[in-house]
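# Summary of structural features
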Protein chains: 4
Amino acid sequence: GRPLGLIAGPCVIENEAATLRCAERLMTICNGVGMSLVFKASYDKANRTSVTAFRGPGMTEGLRILAKVKEALGVPVLSDIHSIEQVAPAADVLDVLQIPAFLCRQTDLLVAAAKTGRVINVKKGQFLAPWDMKNVVGKIRACENENIILTERGASFGYNNLVVDMRSFPVMRAMGFPVVFDATHSVQLPGGAGTSSGGQREYVEYLSRAAVAAGVDGVFLEVHEDPEQALCDGPNSVKLNDLPELLKKLKAIDAIVK
Amino acid sequence: GRPLGLIAGPCVIENEAATLRCAERLMTICNGVGMSLVFKASYDKANRTSVTAFRGPGMTEGLRILAKVKEALGVPVLSDIHSIEQVAPAADVLDVLQIPAFLCRQTDLLVAAAKTGRVINVKKGQFLAPWDMKNVVGKIRACENENIILTERGASFGYNNLVVDMRSFPVMRAMGFPVVFDATHSVQLPGGAGTSSGGQREYVEYLSRAAVAAGVDGVFLEVHEDPEQALCDGPNSVKLNDLPELLKKLKAIDAIVK
Amino acid sequence: GRPLGLIAGPCVIENEAATLRCAERLMTICNGVGMSLVFKASYDKANRTSVTAFRGPGMTEGLRILAKVKEALGVPVLSDIHSIEQVAPAADVLDVLQIPAFLCRQTDLLVAAAKTGRVINVKKGQFLAPWDMKNVVGKIRACENENIILTERGASFGYNNLVVDMRSFPVMRAMGFPVVFDATHSVQLPGGAGTSSGGQREYVEYLSRAAVAAGVDGVFLEVHEDPEQALCDGPNSVKLNDLPELLKKLKAIDAIVK
Amino acid sequence: GRPLGLIAGPCVIENEAATLRCAERLMTICNGVGMSLVFKASYDKANRTSVTAFRGPGMTEGLRILAKVKEALGVPVLSDIHSIEQVAPAADVLDVLQIPAFLCRQTDLLVAAAKTGRVINVKKGQFLAPWDMKNVVGKIRACENENIILTERGASFGYNNLVVDMRSFPVMRAMGFPVVFDATHSVQLPGGAGTSSGGQREYVEYLSRAAVAAGVDGVFLEVHEDPEQALCDGPNSVKLNDLPELLKKLKAIDAIVK
């Protein structure tokens with residue numbers, strides 16, 4: 001199996017300086033533990049629970065900042081795209097185009113993204129069985145793009161709660177593409193805080209360790225220097241200072257199961 | 001309470017003649033039982049399980065056909081919109097703009113639709129608690145549009161299955177807007193047929209009766225002259241011939257609980 | 001179909017006087033609306049959340065009181081049994097032996113109960129699919145007892161929550177035996193109040209109406225003169241004063257669907 | 001943390017020779033990998049799906065065989081008890097009294113078992129939230145017995161399916177008692193095979209690895225020389241020959257996280 005990789009970054013691009021600083025810190029940490037990094041950050045959180053919540057700098061400014069991160073640090077960058085219009089400008093900058101979970105069945109978006117030849121990371125919808133991702137894979141492969149990543153981010157489990165079914169990793173890996181565990185979204189409590197989604201950062205480490213032990217190709221983590229001050233998804237973001245210890249454990253577990 | 005209304009039509013616009021014929025049949029049936037009708041049909045099924053499945057005539061042709069239905073028969077028409085670009089042309093023709101379940105939290109789409117002043121019918125995501133629809137309502141009301149309909153179409157229940165929680169009707173009605181039960185999508189088995197979604201048409205009547213008895217303002221049904229020949233969602237569509245009997249029962253139940 | 005019947009009574013036998021008074025009130029109410037009554041009350045709540053909660057008078061005293069109710073009022077009586085030792089004394093008094101949901105798969109208890117020839121009411125486990133009740137039915141029929149009632153009381157839906165899947169009624173009725181909807185246990189929030197189970201009495205009416213509209217043979221309701229003072233399951237018990245209005249609606253709905 | 005221990009044995013006592021042979025093999029394997037063993041086997045499977053399925057030799061004969069295993073091999077033995085009458089004879093022989101999941105809230109059984117002073121292993125009901133096990137713990141501690149083990153065996157997830165929520169391990173361990181992961185029951189598909197429960201043996205290894213990585217004190221595995229020939233739960237039993245490799249991996253993962 002491939003060595004375990006990391007996709008990490010802040011939930012949202014808060015500003016250029018903070019984004020660069022975060023990416024630099026992440027590179028230092030990943031170099032320290034010997035792990036590859038893809039830097040992720042969103043330019044527009046289009047489905048915040050509340051209409052007044054901070055959404056990010058928008059696509060143009062966001063892609064500019066991500067291009068700068070890429071150029072300055074030489075790290076591959078990933079962001080999520082929400083419509084066909086975003087595909088071309090995003091593919092100019094991004095190494096990985098990410099399809100959000102709720103759009104994972106949208107044929108046109110998948111096809112447009114696939115045709116760019118970029119790596120496509122599809123998050124499995126909370127409403128989808130792992131085996132049903134084969135239809136998603138089929139839509140991308142029909143465009144002769146085999147650069148596919150599948151990401152688990154929890155399944156609906158009653159109301160305002162998600163559960164990670166660890167069987168999904170072997171099920172999706174059997175499709176022949178790398179599978180990533182998104183630990184920070186998996187501990188969200190959707191809508192659970194009334195006017196925003198709650199989160200259970202305290203379970204990120206347990207679930208990440210479990211997922212790596214079950215067998216995954218990468219881990220996806222939203223991080224922040226100071227999660228309490230984060231403009232988005234603070235309750236489930238990992239503190240940068242806690243990351244090195246976590247990654248060391250994950251690497252050690254990964255070495256046993258691969 | 002308002003008298004029970006019906007939103008009905010084929011899953012997808014198959015062609016002009018079939019669509020007009022279906023709308024005419026529906027009007028005759030609704031007149032017969034004394035029930036108001038909103039005609040629904042989709043012009044593009046953008047998230048079919050398989051990339052090769054029939055998707056419909058596209059927006060331009062689809063809206064042309066719906067405009068014809070509206071003009072010829074004087075019936076209000078509803079269709080679902082998937083992106084901001086579709087809002088303006090759709091609002092030119094449609095009386096009701098429908099937001100699909102998976103997009104129910106997309107702020108920009110909700111806001112763009114709301115600003116047209118049209119009636120907005122939002123389907124509750126399969127991954128959303130009924131009380132969380134208050135945030136969706138808030139996004140529309142922030143645009144000073146109070147023409148809101150909320151539609152229940154089932155909640156994720158394990159894999160490849162949905163369950164209708166009848167508590168969602170009183171929960172959502174307490175928000176002050178009409179609530180509709182989408183009986184035909186609620187009996188879908190998502191992805192359950194391997195390369196397409198399965199359906200359990202046999203439960204449409206039971207669930208519709210139950211929902212009306214729990215208390216709803218309308219029922220949403222996908223219908224077809226011959227569901228076995230439908231180009232989309234045949235397994236959960238109601239046969240037009242079976243509709244009058246069903247509607248009579250629903251009206252009688254509605255009269256008891258309102 | 002059979003006319004709709006009622007199984008009702010207090011959650012637990014609090015004392016002789018209160019039990020008789022409740023049964024009398026219920027008979028008056030049922031006579032008033034023209035509905036048959038089976039009186040239910042438990043003599044021992046063996047699985048209260050807390051070890052210090054009130055459990056009831058025990059089997060011997062409880063059966064004595066139920067025998068008195070039966071004799072004084074001529075109403076059939078039902079109670080739940082928890083072990084094989086309870087079967088014989090219970091069958092001496094009770095018209096209906098009820099198997100609690102969590103014991104619904106216990107072969108020995110089902111067989112012992114079945115062999116008495118009494119009516120057996122089995123509550124479907126919160127962890128069981130409706131179609132799996134056919135195996136339960138098979139265990140009883142293997143003892144040549146065809147006096148079977150199957151009761152829906154909600155299915156596990158995430159944590160501390162139950163959902164009533166209205167498809168379960170047609171599924172279980174197709175097995176050829178009467179099906180009852182237990183409305184008051186279906187609105188329990190298991191463990192939801194920390195050291196006791198919470199309840200949502202406000203949904204009893206909505207769910208009962210829905211279940212009757214879907215089609216059931218009977219409704220099961222826990223009632224109390226003053227639910228706030230009930231020694232058990234107050235939060236989900238129906239106030240006796242509210243019962244006549246509810247039953248009238250249920251009867252009217254039942255008349256439409258049968 | 002405690003070093004990882006194993007609870008293992010056949011689902012049911014098939015006969016004396018096979019039971020002794022299995023226990024011997026397990027001891028050899030556990031000695032080989034340096035892991036403690038508690039031998040488990042059931043004497044009566046009281047809730048088989050079908051009334052005609054093999055249930056075991058009964059309590060008296062079963063306890064005789066387990067006493068023999070204990071005496072011959074010096075291994076602690078565990079079995080599950082289903083009623084208060086079984087507590088005293090079982091406590092004479094068994095080192096660990098196991099409370100089945102469906103009985104985990106039964107106060108009398110918990111209390112009777114607790115009073116023997118034996119170790120009590122309670123399986124969490126498929127219908128229970130992990131935090132609700134604190135009430136179960138409270139019932140045992142009220143009898144001044146602190147020898148408690150809590151076992152996860154999956155939570156209801158839709159119909160005929162279970163999911164293991166790895167958050168349950170830290171939640172239950174925070175109660176201060178050892179927590180065990182029952183890997184073989186967690187991969188059952190309850191009722192999923194029509195007249196018996198299906199199973200997914202292929203996921204035992206993935207889930208065990210994940211649970212150990214999340215952090216548990218022990219793993220519970222049903223094993224068989226030849227699962228295809230097992231008289232009970234073959235579809236989810238682990239082949240003895242596959243066990244040493246699995247245990248080595250689990251030990252290595254455990255060493256990283258403790």
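Reading the values: rules and limits
Residues numbered from 1 in each chain as written. Chains lettered and ligands numbered in written order. Predicted model: local features only at pLDDT ≥ 70, side-chain atom pairs only at ≥ 80, totals over all residues. Heavy atoms only, no water. Least-squares fit on C-alpha atoms with pLDDT ≥ 70 in both. Contact = heavy atoms within 4.5 Å. Salt bridge = Lys/Arg side-chain N within 4 Å of Asp/Glu carboxyl O. Helix = DSSP H or I, 4+ residues; strand = E, 2+ residues; numbered from the N terminus. Buried < 20%, exposed > 50% of the residue type's maximum accessible area, 1.4 Å probe, protein only. Buried area = accessible area lost by both parts, 1.4 Å probe. 1 Å grid on protein atoms, 1.4 Å probe; cavity = no way out; pocket = protein on both sides within 12 Å on 5 of 7 lines; lining within 4 Å. Points joined across faces, edges and corners; volume = space filled by probe spheres on them. Nonpolar A, V, L, I, M, F, W, Y, C, P; charged D, E, K, R; others polar. Phe/Tyr/Trp six-rings, centres within 6.5 Å; stacked < 30°, edge-to-face > 60°. Lys NZ or Arg CZ within 6 Å of the ring centre and 35° of its normal. Pairing = 2+ DSSP bridges. Right-handed = clockwise from strand over helix to strand, strands pointing away. Axes fitted to C-alpha atoms, helices over the stretch in contact; angles between N-to-C directions. Parallel < 35°, antiparallel > 145°, perpendicular 65-115°, else oblique. Left-handed = near helix turned anticlockwise from the far one by under 90°. Polar contact = N/O pair within 3.5 Å; in protein donor to acceptor, adjacent residues only side chain to side chain. Disulfide = S-S within 2.5 Å. Core = buried A, V, L, I, M, F, W, Y, C linked by side-chain atoms within 4.5 Å.

### Side note on the relation of the copies chain A and chain C
- Between chain A and chain C, which share one sequence, the superposing operator has a rotation angle of 180 degrees and an axial displacement of 0.0 Å; the RMSD is 0.0 Å. Given the turn and translation reported, the copies of this chain are related as if by a two-fold rotation axis. Closest to the rotation axis within chain A is the C-alpha of Gly158(A), separated from it by 1.9 Å.
- In this assembly, 100% of the residues forming the interface of chain A have copies in chain C that are likewise at the interface, indicating an isologous arrangement.

### With respect to the pattern of salt bridges
- Enumeration according to the criterion identifies 72 salt bridges over all chains in this entry.
- Residues Arg64(A) and Glu61(A) are paired through a salt bridge, measuring 2.9 Å at the closest nitrogen-oxygen approach. In this pair, Arg64(A) and Glu61(A) are both assigned in helix α2 (residues 59-73), three residues apart and thus about one turn of the helix distant.
- Arg64(A) sits in the partly exposed class, given a relative accessible area of 37%.
- What makes Glu61(A) partly exposed here is its relative accessible area of 32%.
- Across the pair Arg55(C) and Asp44(C) runs a salt bridge whose closest N-O atoms are separated by 2.9 Å.

### Overview of the interface of chain B and chain A
- With 37 residues of chain B at the interface, the matching set in chain A holds 37 residues.
- For the chain B and chain A pair, buried surface summed over both sides reaches about 3,100 Å², with 47% attributable to carbon and sulfur atoms.
- Broken down residue by residue, the surface that chain B buries against chain A is led by Arg105(B), Phe127(B) and Tyr159(B), which jointly contribute 21%.
- At the junction of chain B with chain A, the criterion picks out two salt bridges.
- Here Asp108(B) and Arg55(A) are joined by a salt bridge, their closest N and O atoms 2.6 Å apart.

### A short note on the environment of Phe127(C)
- Along the chain, Phe127(C) falls in the loop between β5 (119-123) and α5 (133-141).
- Measuring from C-alpha to C-alpha, the distance between Phe127(C) and Val33(C) comes to 35 Å, with 94 residues separating the pair along the chain.
- When residues no more than four places from it in sequence are discounted, the contact partners of Phe127(C) are Ala101(C), Phe102(C), Cys104(C), Arg105(C), Gln126(D), Phe127(D) and Ser156(D).

### Observations regarding empty space enclosed by the protein
- Applying the stated criterion across every chain yields a total of 10 cavities of 30 Å³ or more.
- Considering only enclosed or pocket space, the largest cavity measures out at about 80 Å³ in volume.
- Residue lining of the largest cavity: 15 residues in total, with Ser156(C), Gly158(C), Asn160(C), Phe127(D) and Leu128(D) positioned closest to the centre.
- Residue classes in the lining of the largest cavity are distributed as eight nonpolar, six polar and one charged.
- One number sums up the size of the second largest cavity: a volume of about 60 Å³.
- Lining the second largest cavity are 13 residues, and of these Gln126(A), Phe127(A), Leu128(A), Ser156(B) and Gly158(B) lie nearest its centre.
- Looking at the lining of the second largest cavity residue by residue, the classes come out as seven nonpolar, six polar and no charged.

### A short note on the packing of aromatic side chains
- As enumerated under the stated definition, the model contains 20 aromatic pairs over all chains in all.
- Taken together, a centroid distance of 5.0 Å and an interplanar angle of 75 degrees make the contact between Tyr159(A) and Trp131(B) edge-to-face. Of this pair, Tyr159(A) sits in the loop between β7 (155-156) and β8 (162-163) while Trp131(B) sits in the loop between β5 (119-123) and α5 (133-141), on two different chains.
- These aromatic residues form a ring-pair network of at least three members: Trp131(A), Phe157(A), Tyr159(B), Tyr159(C), Trp131(D) and Phe157(D).
- Across the ring face of Phe220(A), the terminal group of Lys123(A) is positioned such that the distance to the ring centre comes to 3.8 Å.

### A closer look at the pairing of strand β1 (residues 5-9) of chain B
Residues and elements named next belong to chain B.
- Counting buried residues in β1 gives five out of five residues, a clear majority hidden from the surface.
- Sheet topology note: the β1/strand β12 (residues 218-224) ladder contains five bridges and is parallel. Note on β12: the bridge partner recorded for Ala 8 is Leu 221.
- Bridge analysis of β1 against strand β2 (residues 37-40) gives three bridges, and the strand direction is parallel. Pairing of Ile 7 across the sheet is with Val 38, part of β2.
- After leaving β1, the chain enters helix α1 (residues 16-33) and then returns to the sheet as β2, a path that is right-handed.

### Here's the deal with helix α5 (residues 133-141) of chain D
- Of all the residues in α5(D), the buried ones are Met133(D), Asn135(D), Val136(D), Val137(D), Lys139(D) and Ile140(D).
- The inward-facing, buried residues of α5(D) contact α4 (107-115), β5 (119-123), β6 (148-152) and α6 (168-173) of chain D.

### Here's the deal with the pairing of strand β9 (residues 179-182) of chain C
All names here are of chain C.
- Burial of the side chains of β9 extends over both faces: Val 179 and Phe 181 are buried on one face and Val 180 and Asp 182 on the other.
- Sheet analysis places strand β6 (residues 148-152) next to β9, joined by three bridges and oriented parallel. Residue Leu 150 lies in a different strand from β9, and its bridge partner there is Val 179.
- Looking at chain direction, β9 and strand β12 (residues 218-224) are connected through three bridges and run parallel. Paired with Asp 182 across the two strands is Phe 220, which belongs to β12.

### Regarding the packing of helix α2 (residues 59-73) of chain C against helix α3 (residues 84-93) of chain C
Residue and element names in this part refer to chain C.
- Running from N to C, α2 and α3 cross one another at 15 degrees; their axes reach a closest spacing of 9 Å. The angle between the axes of α2 and α3 places the two elements in the roughly parallel class. Note that α2 runs across α3; the crossing there is right-handed. Here Met 59, Leu 63, Leu 66, Ala 67 and Lys 70 of α2 lie close against α3, whose contacting residues are Gln 86, Pro 89, Ala 90 and Val 93.

### What about the interface of chain A and chain C?
- Taken residue by residue, the interface counts four residues in chain A and four residues in chain C.
- Where chain A abuts chain C, roughly 370 Å² becomes buried across the two surfaces, and 73% of that area is made up of carbon and sulfur atoms.
- When the area that chain A buries against chain C is broken down by residue, the three leading residues are Phe157(A), Gly158(A) and Tyr159(A), summing to 87%.
- Our count for the chain A to chain C interface comes out at zero salt bridges.
- Where chain A meets chain C, there are zero residue pairs in polar contact (both at pLDDT 80 or more).

### With respect to the state of the cysteines
- Under the definition given, this model contains zero disulfides over all chains.
- The structure places no disulfide on Cys22(B), whose sulfur is separated from the nearest cysteine sulfur, that of Cys30(B), by 11 Å.
- Looking at Cys22(B), the relative accessible area reads 5%, which means it is buried.
- With no disulfide of its own, Cys104(C) has Cys104(D) as its nearest cysteine by sulfur position, at a separation of 14 Å.

### Overview of unusual backbone geometry
All names here are of chain A.
- Even without being a glycine, Asp 233 presents a positive backbone phi close to 60 degrees.
- As for its position among the elements, Asp 233 is in the loop between β12 (218-224) and β13 (238-239).
- A residue is classified by how much of its surface remains accessible, and Asp 233, at 13% relative accessible area, is buried.

### Topic: the relation of the copies chain B and chain A
- For the pair chain B and chain A, the relating rotation is 180 degrees, the translation along its axis is 0.0 Å, and the fit reaches an RMSD of 0.0 Å.
- A share of 100% of interface residues in chain B that are also interface residues in chain A marks the association as one of identical surfaces.

### What about the nonpolar core?
- Ranked by internal contacts, the top residues of the largest apolar core, which has 325 residues, are Met166(A), Met166(B), Met166(C) and Met166(D).
- Other than its neighbours up to four places away in sequence, Met166(B) contacts Leu207(B), Ala210(B), Ala211(B), Ala214(B), Met166(C), Leu207(C) and Ala210(C).

### Concerning the side chain of Glu152(D)
Residues and elements named next belong to chain D.
- With respect to the helices, strands and loops of the structure, Glu 152 is situated in strand β6.
- Under the relative-accessibility criterion, Glu 152 is labelled buried at 1%.
- Looking at Glu 152, its side chain comes within polar contact range of the main-chain nitrogen of Gly 154, at 2.8 Å.
- Apart from the residues within four sequence positions on either side, Glu 152 is in contact with Lys 124, Val 164, Ser 168, Phe 169, Met 172, Val 180, Phe 181, Asp 182 and Ser 186.

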